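Listed here are the chains, written in short residue letters.
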Amino acid sequence: MITSKLSTTGQLPIPPEVQAHLGVRAGDPIEFVLQPGGGVVLRRESLHVRELRGMLADDRLGHVVSVEEMKEAVRGERRPPTQDRG
C-alpha cells in the first residue's frame, strides 16, 4: 500500500509511484472524484478539446509530427507549444 501524510497546511504530497502511474508531473492538474461510501479516486485532469489545438505540431516551424510524438502527446508527455505568436 502506498501512503502519504497530510501536512498542517492541508497539502498532500503525491508519491512518485502514483505520479508515474497517473502520468503527471509538477504543475499538472489532478481531479479528485468523490465516491459513495467515502472513497476518493485521483485521476489526471481531462483536457478540453480546445486545449488540444497546436499540441502536436508547431506550424511556425513547419514541423511534421511522428507517430511516437503523437503517442507522447496522448500520454501527456508532450506539452503544447507556447501561444506567443507575435
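Scoring rules and cut-offs
Residue positions within a chain follow its written sequence, with the count starting from 1. Where totals are concerned, whole chains, interfaces and linings use all residues; where local detail is concerned, this predicted model gives features only for residues with pLDDT of at least 70, and gives and counts side-chain atom pairs only at 80 or more. To get the side-chain values, take all heavy atoms of the structure and skip hydrogens and water. Numbered from the N terminus, helices here are DSSP runs of H or I no shorter than four residues, and strands are runs of E no shorter than two. Relative accessibility under 20% of the residue-type maximum defines a buried residue, over 50% an exposed one, and the middle range a partly exposed one, all with a 1.4 Å probe and only protein chains included. Contacts are residue-level and defined by heavy atoms, with any inter-residue pair within 4.5 Å sufficient. Here the accessible surface of atoms and residues is derived via Shrake-Rupley with a 1.4 Å probe, and residues count as covered only by protein chains that are part of the display. Throughout this description, the term salt bridge denotes a Lys or Arg side-chain nitrogen within 4 Å of a carboxyl oxygen of Asp or Glu. For every residue, the predictor reports its confidence as pLDDT, a number between 0 and 100. By the convention used here, strands pair only if DSSP detects at least 2 bridges between them. N or O atoms within 3.5 Å of each other form a polar contact, as long as, within protein, one can give a hydrogen and the other can take it, and as long as residues adjacent in sequence are counted only when both atoms are side-chain atoms.

Visitor: Mind showing me how you'd approach the overall build of the chain here?
Guide: Along the backbone of the chain there are two helices and two strands. Of the regular secondary structure in the chain, the N- to C-terminal order runs α-β-β-α. By residue count, 12% of the 86 residues in the chain fall in the buried class. When contacts within the chain are restricted to residue pairs at least 6 apart in sequence, long-range pairs at least 24 apart make up 23% of them. Roughly 7,200 Å² of accessible area belongs to the chain as shown, and the carbon and sulfur atoms make up 59% of that amount.

Visitor: Looking at this structure, I do not really get the pattern of salt bridges. What am I missing?
Guide: One side chain can pair with another of opposite charge once the charged atoms of both are near each other. Applying the stated criterion across every chain yields a total of one salt bridge. For the salt bridge of E31 with R43, the shortest nitrogen-to-oxygen distance reads 2.7 Å. With E31 in strand β1 (residues 30-34) and R43 in strand β2 (residues 40-44), the pair connects residues that are 12 residues apart, well separated along the chain. Judged by relative accessible area, E31 falls into the partly exposed class, the value being 21%. Its relative accessible area of 44% is what places R43 among the partly exposed residues.

Visitor: Hey, could you run me through the confidence of the model for the chain in this one?
Guide: The predicted coordinates should not be examined in detail at positions where pLDDT is low. Scored by pLDDT, the chain has a mean of 78; 66% of the residues are at 70 or more. Of all the helices and strands in the chain, helix α2 (residues 67-75) carries the lowest mean pLDDT, 76, while helix α1 (residues 16-22) carries the highest, 92. Per-residue pLDDT stays below 50 along residues 82-86; that stretch engages in five contacts with residues further than four places along the chain or on separate chains.

Visitor: I'm lost on the pairing of β2 in this one. Help?
Guide: If a strand is regular, its side chains alternate between the two faces of the sheet. Pairing of β1 with β2 involves five bridges; the strand directions are antiparallel. Each residue of the ladder has a partner; that of I30, found in β2, is R44. The hairpin formed by β1 and β2 contains five residues between the paired strands, and G37 there has a positive phi angle of roughly 90 degrees.

Visitor: How should the environment of K5 be read in this particular structure?
Guide: Structurally, K5 is set in the segment before α1. Classification of K5 by relative accessible area gives exposed; the value is 72%. With near-sequence residues (within four places) excluded, K5 lies in contact with Q11, L12 and P13.

Visitor: Help me understand the environment of S7, please; the structure alone is not making it clear to me.
Guide: Checked against the element boundaries, S7 lands in the segment before α1. One polar contact links S7 to T9, side chain to side chain, over a distance of 2.9 Å.

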